[in-house]
Amino acid sequence: MTRYTSATDADREEMLAAIGVSSVEELFGDVPESLRLKRELALGDGLSEVEVFEEFRALAARNTSAEDEIGFLGAGMYDHYVPALIDSIMSRSEFLTPYTPYQPEISQGGLQAMFEYQTAISELTGLPVSNASVYEGPSAVAAAGYVAKHANNRQRFVVSRGVHPHSRETLRTHAHAWGMEVVEAPLDHGATVLPDLSGDVSAVIVQQPNFLGAVEDLTTVATAARAAGAVSIAACDPLPLALLRTPGECGVDIAVGEGQSLGNRLDFGGPSFGFFAATEALMRRMPGRIAGETRDVDGKRGFVLTLQTREQHIRREKATSNICTAQALNALAGAIYLSWLGRDGIVELAELMLQRTAYARERLTRVAGVTSLHERPVVREFAVEIGAPIGAVIARCREQGVNPGYPLAREYPEHPDGLLVAITERRSRADIDRLADALAAAVVAEREAVGAGT
Amino acid sequence: MIREADDTLTIFERSKAGRRAFVAPALDVPARSLDELLPGELRRSEPPRLPEVSEPEIVRHYNRLSKRNFDLDTGFYPLGSCTMKHNPKLHERIAGLPGHARMHPLQDPTRAQGALELMWRLQEALGEIAGLPHVSLQPSAGSQGELAGVLLTRAYHEDRGERRSKVLTPDTAHGTNPATVTMGGYEVVKVRSDASGNVDLDDLRAKADEDVACLMLTNPSTLGLFETGIEEIERIVHGVGATLYYDGANLNAIMGISRPGDMGFDIVHFNLHKSFTQPHGGGGPGAGPVAVAERIEPYLPRPQVVRRQVTGDGSEPSEAPAQPPPIFFYDLDYDRPKSIGRLRGFQGNYGVFVRSYAYIRSLGAPGLRDASETAVLNANYLLARLRQHGVAEYLPAAYDRLCMHEFVLSGEPMRHQLHIKTLDLAKRLLDHGVHPPTVYFPLIVEEALMVEPTETETKETLDRFADILAHILREAREDPSVAQNAPYTTPVRRLDEAGAARRPVVRQAMNGS
Amino acid sequence: MADPSYPDDLRYHPEHDWARIEGDTATFGITWYAQDALGEVVFFDAPQVGATISKDQAYTEVESVKAVSDVIAPLSGEVTAVNDALADSPETINDDPYGDGWLVRVRLSDPSEADLLMDSTEYQATLE
């Protein structure tokens with residue numbers, strides 16, 4: 001018996017007697033002797049709660065978190081402030097511990113929360129139909145590709161180089177199994193250059209703003225895709241959508257994205273949630289749970305999981321996706337966050353980030369030798385070229401307590417000293433000034449070192 | 001507009017222009033013109049019509065919503081194959097530590113040693129539980145773990161120059177299995193179950209050929225029964241060069257007792273939101289790590305969490321006696337040329353890893369074994385209680401044998417004799433404050449009811465559940481219409497699902513939308 | 001429709017589909033048994049006018065809340081009309097499976113295939 005089980009010796013005796021066996025061992029009679037583990041698992045003994053807590057506190061202490069430095073890391077996940085009310089609501093047992101709402105009569109809380117979330121995402125993306133969440137950003141792109149494949153049965157995806165490297169790789173991994181080709185559209189001065197789309201193009205995928213922070217022209221992409229009979233997919237950063245022309249307004253078919261910025265913690269990359277919204281025409285092809293409004297036998301308003309025949313538990317091998325458990329709790333945090341920001345607040349937050357990003361970009365490019373990687377409009381993230389060995393520059397900045405951003409070289413070798421800098425409402429002007437000063441000092445020092453041949 | 005009862009107002013309907021909960025930090029940089037920063041043609045014409053509400057209103061709205069939800073912390077939740085076991089409260093405290101919660105996934109590994117070591121140790125622990133040497137934590141849920149397994153299988157065969165087109169699944173398989181097979185680019189072939197509820201070995205032999213890439217199996221099966229022929233199954237499947245895949249949904253029956261790796265499985269997925277106590281959250285998050293045999297290792301997703309050994313000065317360890325203890329560096333290894341690539345961004349659901357590893361450290365080897373033994377004990381005890389007169393003749397066990405951690409009943413006699421269906425029974429259970437078991441699955445049992453109590457329930461709870469079932473059946477003998485029209489005491493009663501599917505309303509209507 | 005019925009003037013396919021034949025055109029639908037097994041129909045995924053359908057192959061799907069069913073063509077031919085009213089009221093398939101719940105009209109490519117279908121009595125015998 002452990003602290004989570006309750007079968008005492010007396011309980012055990014009674015239960016075994018009721019079953020009609022004399023030992024627990026007998027209950028495992030169907031397991032062949034040759035397959036019985038003859039030793040304890042090599043996992044050590046159990047620990048008391050305080051010992052477990054200390055062990056995990058020690059592990060946490062060996063991490064440099066956003067608490068420990070002034071960080072400008074972005075590239076898909078962002079150090080936003082999560083309001084306290086989200087913690088208190090999410091820790092409620094009634095949201096934290098139930099299963100997927102298969103019995104709607106006792107799940108109205110969760111189902112209504114999904115309906116409200118779907119509405120908020122629909123408003124953000126300008127598309128009429130949203131599902132109740134998928135896992136996260138990159139796999140949402142692959143899921144959208146799967147919808148396109150089933151919609152038109154074509155052979156090729158065209159994906160912009162401005163789409164997050166993780167999303168491009170995830171798409172390739174999935175597309176390989178579908179026997180589909182993935183072709184990359186290049187970037188020129190930060191913007192996607194679409195190739196000729198004639199032929200067998202199933203979907204065109206771009207990111208908004210793209211990985212280098214640039215705002216793309218979604219309308220041109222959507223129009224070109226439509227003319228070629230392909231599905232257009234936009235992977236969007238949600239907070240900039242408060243200001244940017246929506247995928248719906250631009251004529252895009254499917255909008256997906258990483259929801260972490262909306263009320264979720266960094267958590268070293270997960271769990272967060274992915275959002276997925278589409279046109280009415282694609283509703284019956286969408287993956288994931290969808291909550292719908294209806295009435296009960298007394299005429300009372302209620303909510304249910306609807307269009308379940310799309311899903312794996314009914315349609316099995318012909319399902320629109322294999323998704324079962326998704327990210328309902330994280331999507332709930334997202335919905336609460338969007339209500340907390342509100343209609344005016346989300347615009348104010350996005351404008352604050354817009355102004356501070358412009359300020360940061362201007363201050364950093366004033367450092368000698370640091371240039372903007374492109375001149376496209378940016379909202380909350382931008383890329384610069386440092387003109388000095390990037391690894392050493394970053395190390396020097398870190399010594400000053402500043403993490404200046406994400407080095408681009410690994411995924412964008414054409415920018416060997418590129419740096420991606422992200423701004424959130426947690427990075428004040430003072431923080432940005434500190435970044436600029438640290439970067440300037442680091443760059444100068446590194447150029448001197450190179451000049452001196454060391 | 002018809003004024004709905006206050007309870008069911010959405011947050012949008014509570015909205016009033018001008019209310020707010022958020023106050024933006026003051027602008028502390030020089031303000032530039034919006035048009036200059038973001039030309040008009042790139043901007044949206046109207047802001048999103050999000051609610052306008054204050055903090056107290058938000059808190060009250062969600063608190064009231066929560067009270068219209070049944071949950072595991074409140075009551076018995078015996079959903080089959082879902083493993084609704086207690087979610088330890090310690091885990092939330094640990095996962096909330098800023099050193100875990102505020103970690104950026106792209107932080108340099110030298111500054112993420114705590115996180116990477118935690119992931120590495122979890123990998124080792126899961127590998128030990130599965131009996132397989134290599135683990136990837138990347139998949140986001142069981143379904144993604146299944147997809148990983150199918151894609152790993154594909155990569156394995158392609159690397160050998162083989163093209164195979166089929167994957168076998170039993171007719172008792174959870175729907176995610178065939179859905180995954182299609183997503184993995186294969187054709188599903190169903191294998192029958194025999195009269196004792198195990199895979200029909202003759203049917204398997206007939207269908208296993210060199211065009212079959214893999215057999216996906218759950219053991220115990222979704223019927224709650226151990227595959228007694230597993231050793232022969234392994235021989236058949238490996239005999240044709242296919243991989244043997246273990247769906248870990250039912251791992252709770254065998255932790256520390258038997259290991260899928262020892263049974264011959266090549267690839268195993270875990271549901272950390274089942275056996276490893278990650279809270280279900282109303283539909284996620286979860287995680288679906290995979291453990292694989294040596295020959296499958298090269299194809300694992302990228303990046304892998306690895307441990308490198310470095311001594312103090314970076315040199316190779318010598319044989320000199322007075323050596324300093326080894327220093328380990330935990331890293332993300334991207335150099336994996338044969339990898340299937342990525343299933344998702346970053347490293348996976350780290351917050352879920354924190355909780356699962358805390359559970360494993362709390363229980364240790366004896367505790368995990370105790371969990372499985374008690375899970376199997378509880379299920380068999382409940383099954384024995386339901387063999388009583390007044391229940392067994394209407395809800396017989398689908399298979400007359402000892403079960404493992406779950407069991408399946410058939411409501412077919414109940415339907416014929418008492419004129420209430422499994423659905424009606426489930427709805428009447430709601431009035432008794434318990435969550436019903438899984439209904440109408442697995443498909444091979446008529447009017448199925450799949451029951452998994454888990455190890456964290458007391459004997460009293462199990463007794464009470466048996467009594468409730470007996471009561472509902474007695475009631476149905478008197479008057480079937482009570483169950484047929486249940487529930488009565490829940491926040492809403494039976495809902496028009498057909499109407500919701502015919503004319504779906506999936507968002508709040510607003511003027512002009 | 002509350003009570004089982006299998007009109008005598010129709011021909012039946014073992015996968016629970018009926019055909020009303022008039023010369024070289026026919027109307028297809030699903031039988032009382034099929035709609036009863038499915039439950040309340042919520043969606044009918046109509047094929048295109050002009051599509052070619054083949055005897056014994058699935059040509060469309062019908063969905064209830066909890067199930068999806070392939071609909072099998074009892075005879076081969078080209079779709080000349082589709083019952084558009086079902087888009088708004090798919091439950092008509094339940095209420096009037098042989099009348100207003102018709103699914104498609106077809107110009108038959110091989111009317112002799114009708115000899116392979118069953119009459120009402122033969123079909124009902126398969127249901128026992």
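Being a predicted model, the structure only gives us computed values, none of them experimental. (Residues numbered from 1 in each chain as written. Chains lettered and ligands numbered in written order. Predicted model: local features only at pLDDT ≥ 70, side-chain atom pairs only at ≥ 80, totals over all residues.)

A few words now on the overall build of chain A. Across its full length, chain A carries 14 helices and 17 strands. C-alpha atoms of chain A, sized along the principal axes, occupy 85 × 55 × 50 Å. By residue count, 63% of the 454 residues in chain A fall in the buried class. When contacts within chain A are restricted to residue pairs at least 6 apart in sequence, those whose partners lie at least 24 apart make up 73%. (Helix = DSSP H or I, 4+ residues; strand = E, 2+ residues; numbered from the N terminus. Buried ≥ 20, exposed ≤ 12 C-beta atoms within 10 Å, placed from the backbone. Contact = placed C-beta atoms within 7 Å.)

The next subject is the overall build of chain B. Helices and strands together make up the secondary structure of chain B, namely 16 helices and twelve strands. At a minimum sequence separation of 6, the contacts of chain B that also span at least 24 residues come to 74%.

Glancing now at the interface of chain C and chain B. Across the boundary between the two partners, chain C contributes five residues, which contact four residues of chain B. Tallied by class, residues from the side of chain C that touches chain B come to four nonpolar, no polar and one charged. (Nonpolar A, V, L, I, M, F, W, Y, C, P; charged D, E, K, R; others polar.)

What follows covers the interface of chain B and chain A. In this complex, chain B contributes 172 residues to the contact, which on the side of chain A involves 167 residues. Looking at which element gives the most residues to the side of chain B that touches chain A, the answer is helix α11 (residues 350-385) of chain B, with 23 residues.

Right, let's talk about the domain arrangement of chain B for a bit. Domain annotation for chain B reports domain 1 (6-23 + 33-61), domain 2 (90-360) and domain 3 (365-498). Here the C-alpha centroids of domain 1 of chain B and domain 2 of chain B sit 43 Å apart. (Domains from an automatic or database assignment.)

Turning next to helix α6 (residues 142-159) of chain B. All names here are of chain B. The terminal C-alpha atoms of α6 lie 25 Å apart, and with 18 residues this matches the ideal 26 Å at 1.5 Å per residue to within 8%. Counting buried positions along α6 yields 15 of 18 residues, so the element is predominantly enclosed. Gly161 lies just past α6 and shows a positive phi near 75 degrees. (Expected span 1.5 Å × (residues − 1).)

Turning our attention to the sheet that holds strand β11 (residues 438-439) of chain B. Two pairing modes exist for strands in a sheet, parallel and antiparallel, and in both the strands are linked by backbone hydrogen bonds. In space, the three strands of this open sheet follow the order β10-β12-β11 (chain B), with antiparallel pairing throughout. Looking at which strands have only one partner, the edges of the open sheet turn out to be β10 (407-410) and β11 of chain B. (Pairing = 2+ DSSP bridges.)

This next bit is on helix α9 (residues 230-239) of chain B. All names here are of chain B. The set of residues buried in α9 consists of Ile230, Ile233 and Val237. Viewed along the axis of α9, the buried residues span an arc of 50 degrees, placing them on a single side of the element. The exposed set on the far side of α9, more than 90 degrees from its buried face, consists of Arg235 and Gly239. If you follow the buried residues of α9, they end up packed against α8 (201-207), β4 (212-217), β5 (243-247) and α10 (260-263). Once α9 ends, the next one or two residues include Gly241, with phi positive near 80 degrees. (Arc of directions from axis to C-beta.)

Let us look at the sheet that holds strand β10 (residues 274-278) of chain A. Reading across from one edge, β2-β10-β9-β8-β7-β3-β4 (chain A) is the order of the seven strands in this open sheet, with mixed pairing throughout. Every other strand in the sheet has two partners, leaving β2 (129-130) and β4 (181-185) of chain A as the edge strands with one partner each.

This part is about the packing of helix α1 (residues 9-19) of chain A against α11(B). The angle between the axes and the distance between the axes are what describe a pair of packed helices. At a closest axis distance of 8 Å, the pairing of α1(A) and α11(B) adopts a crossing angle of 50 degrees. Classified by the angle between their axes, α1(A) and α11(B) sit oblique to one another. Judged by the twist between their axes, the crossing of α1(A) over α11(B) is left-handed. Taken together, the residues of α11(B) that come into contact with α1(A) (itself represented by Met15(A), Ala18(A) and Ile19(A)) are Leu377(B), Asn380(B), Tyr381(B), Ala384(B) and Arg385(B). (Axes fitted to C-alpha atoms, helices over the stretch in contact; angles between N-to-C directions. Parallel < 35°, antiparallel > 145°, perpendicular 65-115°, else oblique. Left-handed = near helix turned anticlockwise from the far one by under 90°.)

Turning our eyes to something else, we now look at the pairing of strand β9 (residues 254-258) of chain A. A regular strand places its side chains so that they alternate between the two faces of the sheet. Residues and elements named next belong to chain A. Most of β9 sits inside the fold, with five of its five residues counted as buried. Taking every second residue as pointing to the same face, both faces of β9 are buried, with Ile254, Val256 and Glu258 on one and Ala255 and Gly257 on the other. Where strand β8 (residues 231-236) meets β9, three bridges bridge the pair, whose relative direction is parallel. Within β9, the position partnered with Ala234 by the bridge is Ala255. As paired elements, β9 and β10 share five bridges and run antiparallel to each other. Of the residues in β10, the one forming a bridge with Ala255 is Ala277.

On to the packing of α6(B) against helix α7 (residues 176-183) of chain B. Residues and elements named next belong to chain B. Two elements in contact, α6 and α7, have axes whose closest approach is 9 Å; the angle formed by their N-to-C orientations is 45 degrees. The orientation of α6 with respect to α7, classified from their angle, is oblique. Remark: the crossing between α6 and α7 carries right-handed chirality. Residues Gly142, Ser143, Glu146, Leu147 and Val150 of α6 pack against Thr176, Asn177, Thr180, Val181 and Met183 of α7.

What follows covers the nonpolar core. Residue and element names in this part refer to chain A. Within the largest apolar cluster, 341 residues are counted, with the highest numbers of intra-cluster contacts made by Ile233 and Leu332. At 21 residues, the largest contribution of residues to this core is made by helix α12 (residues 328-365). Not counting residues within four places of it along the chain, the set of residues in contact with Leu332 comprises Met90, Phe95, Ala113 and Tyr117. (Core = buried A, V, L, I, M, F, W, Y, C linked by C-beta atoms within 7 Å.)

This brings us to the domain arrangement of chain A. Residues and elements named next belong to chain A. What the domain assignment reports for chain A is domain 1 (84-336) and domain 2 (345-451). Using C-alpha coordinates to define each centre, domain 1 is positioned 30 Å away from domain 2. Listed by partner, the interface residues are 13 residues for domain 1 and 19 residues for domain 2. Tallied by class, the residues present in the side of domain 1 that touches domain 2 amount to ten nonpolar, three polar and no charged.

The next thing to look at is the environment of Leu124(A). Within the secondary structure, Leu124(A) is located in helix α6 (residues 108-125). A residue is classified by how many C-beta atoms lie within 10 Å of it, and Leu124(A), with 29 of them, is buried. C-alpha separation for the pair Leu124(A) and Leu239(A), spaced 115 residues apart in sequence, amounts to 8.6 Å. If we ignore the near neighbours within four places in the chain, the residues touching Leu124(A) are Pro238(A), Leu241(A) and Pro48(B).

Time to look at the environment of Asp73(B). Within the element layout of this structure, Asp73(B) appears in the loop between α2 (55-66) and α3 (90-95). Placed 433 residues apart in sequence, Asp73(B) and Val506(B) show a C-alpha to C-alpha distance of 29 Å. Setting aside anything within four residues of it in sequence, one finds Asp73(B) in contact with Ser93(A) and Thr97(A).

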